[in-house]
Amino acid sequence: TKGDVLRCVVTPNDGMDDGDAVPSNEVTIVNTTPQIGGVSVTPAFAAPCETFTCEVSDTVEPDAADSVTYAYRWETEGGDLLGVTTQTLDASTLTPDEAVRCYAKPTDGEVQPGEGGGITTVWGDELQSNLATVVNTPPTVETVSLTPTDPQVGDTLTCEASGFEDPDCEPA
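The structure displayed is predicted, hence computed values, not measured ones.

Caption draft 1: Examining the pattern of salt bridges more closely. Applying the stated criterion across every chain yields a total of 5 salt bridges. Here Asp-66 ties to Lys-2 by a salt bridge, and the two come within 2.8 Å at their closest N and O atoms. Taken as a pair, Asp-66 in the loop between strand E7 (51-57) and strand E8 (69-76) and Lys-2 in the segment before strand E1 (5-6) lie far apart in primary sequence, 64 residues in all. Its salt-bridge partner being Lys-2, residue Glu-110 comes within 2.7 Å of it at the nearest N-O pair. Remark: Lys-2 occurs in the segment before E1 and Glu-110 occurs in the loop between strand E11 (99-107) and strand E12 (111-113); sequence separation between them is 108 residues. Here the residues in one salt-bridge network are Arg-73, Glu-75, Asp-80 and Glu-126, joined through shared partners.

The structure is reproduced here in structure tokens:
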């Protein structure tokens, strides 16, 4: 287990007598940094009213007593989405046809001395996801009517639409 101190002792024997026992140096079992096997964004295509989620898979943490947390970041074709460090991303913050991917890296909370003093968190390797895209299907209107049907000068005309449908984000 992480933190255990181990050493071995060898006692030589020639088949008849034991020699003096000789201990080895001591070693301490150190932290093993967690690793992840994959990262994906779901869904692969999202409407502006939906949310992308950064999914981590196949986490390996050999230190059984440790719990793993993740750091996330998001990127579009135009670069980092600065400040977005959550597991989810609201698709409404992007434009239709814009592609996005997420990055994730694991930690078990272990720290080590940092450069120039202080301490820093030990992170596993960062992996990137697939690209996901914001899609927008144009809304439709079933019928439009203009009333009155026989207007005269000075009449107020009313335009009414019915059967509005937004296949991406009901209701619009």
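There is more to say after this.
Caption draft 2: Layout of the sheet that holds strand E5 (residues 38-42). The 3 strands lie next to each other as E5-E7-E10, forming an open sheet whose pairing is antiparallel. Among the strands making up the open sheet, the edge pair consists of E5 and strand E10 (88-90). Averaged over all adjacent pairs, the angle separating strand axes in this sheet is 15°, with direction ignored. Alignment of E5 against E7, held across 5 bridges, turns out to be antiparallel. Pairing of Ser-40 across the sheet is with Glu-55, part of E7.

Caption draft 3: Spotlight on the packing of aromatic side chains. All chains considered together, the criterion is met by 1 aromatic pair. On the basis of an interplanar angle of 45° and a centroid distance of 6.3 Å, the ring pair of Tyr-70 and Tyr-72 is categorised as tilted. Judged by its relative accessible area of 12%, Tyr-72 falls in the buried class. Here Lys-105 stacks its cationic end above the ring of Trp-123, 4.9 Å away from the centre of that ring.

Caption draft 4: A look at the state of the cysteines. Taken as a whole and assessed by the stated rule, the structure comprises 1 disulfide. A sulfur-sulfur separation of 2.1 Å characterises the disulfide bridge that pairs Cys-54 with Cys-102. Its S-S torsion of approximately 75° makes the covalent link between Cys-54 and Cys-102 right-handed. Remark: Cys-102 occurs in strand E11 and Cys-54 occurs in strand E7; sequence separation between them is 48 residues.

Caption draft 5: Examining the side chain of Glu-61 more closely. Residue placement: Glu-61 occurs in the loop between E7 and E8. Put simply, Glu-61 is tucked away with no salt bridge, and the nearest opposite charge, on Lys-2, sits 6.5 Å away. Engagement of the side chain of Glu-61 in a polar contact is seen with the backbone nitrogen of Asp-63, the distance being 2.8 Å. For Glu-61, the residues in contact, after removing those within four places along its chain, are Thr-32, Pro-34, Asp-66, Val-68 and Asp-108.

Caption draft 6: Fine view of a nonpolar patch on the surface. A cluster of nonpolar side chains, namely Leu-6, Val-27 and Ile-29, defines an oily patch on the protein surface of about 230 Å² accessible area. Within the secondary structure, Val-27 is located in strand E4 (residues 27-28).

Caption draft 7: Fine view of the nonpolar core. One finds Phe-52, Cys-54, Trp-74 and Val-100 to be the most contacted residues of the largest nonpolar core, which totals 16 residues. Of all the secondary structure elements, the ones that give two or more residues to this core are E5, E7, E8, E11 and strand E15 (132-134). Residue contributions to this core peak at 3 residues, all from E11. Ignoring anything within four residues of it in the chain, the contact list for Cys-54 reads Val-39, Ser-40, Tyr-72, Trp-74, Gln-87, Cys-102, Tyr-103 and Ala-104.

Conventions we followed
Sequence positions are assigned chain by chain, starting from 1 and proceeding in written order. Side-chain atom pairs in this predicted model are given and counted only at pLDDT of 80 or more, local residue features only at pLDDT of at least 70, and totals for whole chains, interfaces and linings cover all residues. Calculation of side-chain values draws on the structure's entire complement of heavy atoms; hydrogens and water are dropped beforehand. Any carboxyl oxygen of Asp or Glu within 4 Å of a side-chain nitrogen of Lys or Arg constitutes a salt bridge here. Going along the chain from the N terminus, every DSSP run of H or I of four or more residues is numbered as a helix, and every run of E of two or more is numbered as a strand. By this definition, two strands are paired if DSSP reports at least two bridges between them. Inter-axis angles, ranging from 0 to 180 degrees, are taken between N-to-C directions of lines fitted to C-alpha atoms, where helices are fitted over the stretch in contact. Two rings from Phe, Tyr or Trp (for Trp, the six-membered ring) form a pair when their centres sit within 6.5 Å of each other. Planes less than 30 degrees apart are called stacked, planes more than 60 degrees apart edge-to-face, and all others tilted. Residue exposure (1.4 Å probe, protein chains only): buried if accessible area is under 20% of the type maximum, exposed if over 50%, otherwise partly exposed. Only when the NZ of Lys or the CZ of Arg is both within 6 Å of the ring centre and within 35 degrees of the ring normal is a charge said to sit over the ring. Disulfides are defined as cysteine sulfur pairs within 2.5 Å. The charge count includes Lys and Arg as positive and Asp and Glu as negative, but it does not include His or the ends of the chains. What qualifies as a polar contact is a pair of N or O atoms within 3.5 Å, subject to a donor-acceptor requirement within protein and to the restriction that residues adjacent in sequence count only when both atoms come from side chains. Residues are treated as being in contact if the distance between any of their heavy atoms lies within 4.5 Å. Residues form patches when they are more than 30% accessible in relative terms and have no salt bridge. Like charges link within 9 Å. Nonpolar side chains (Val, Leu, Ile, Met, Phe, Trp, Tyr) link within 5 Å. To measure how exposed things are, a 1.4 Å probe is used in the Shrake-Rupley method; for residues, cover is taken only from the protein chains shown. We call a set of buried Ala, Val, Leu, Ile, Met, Phe, Trp, Tyr and Cys residues a nonpolar core when their side-chain atoms join them within 4.5 Å.

None of the figures reported here should be taken as evidence of function without further support.
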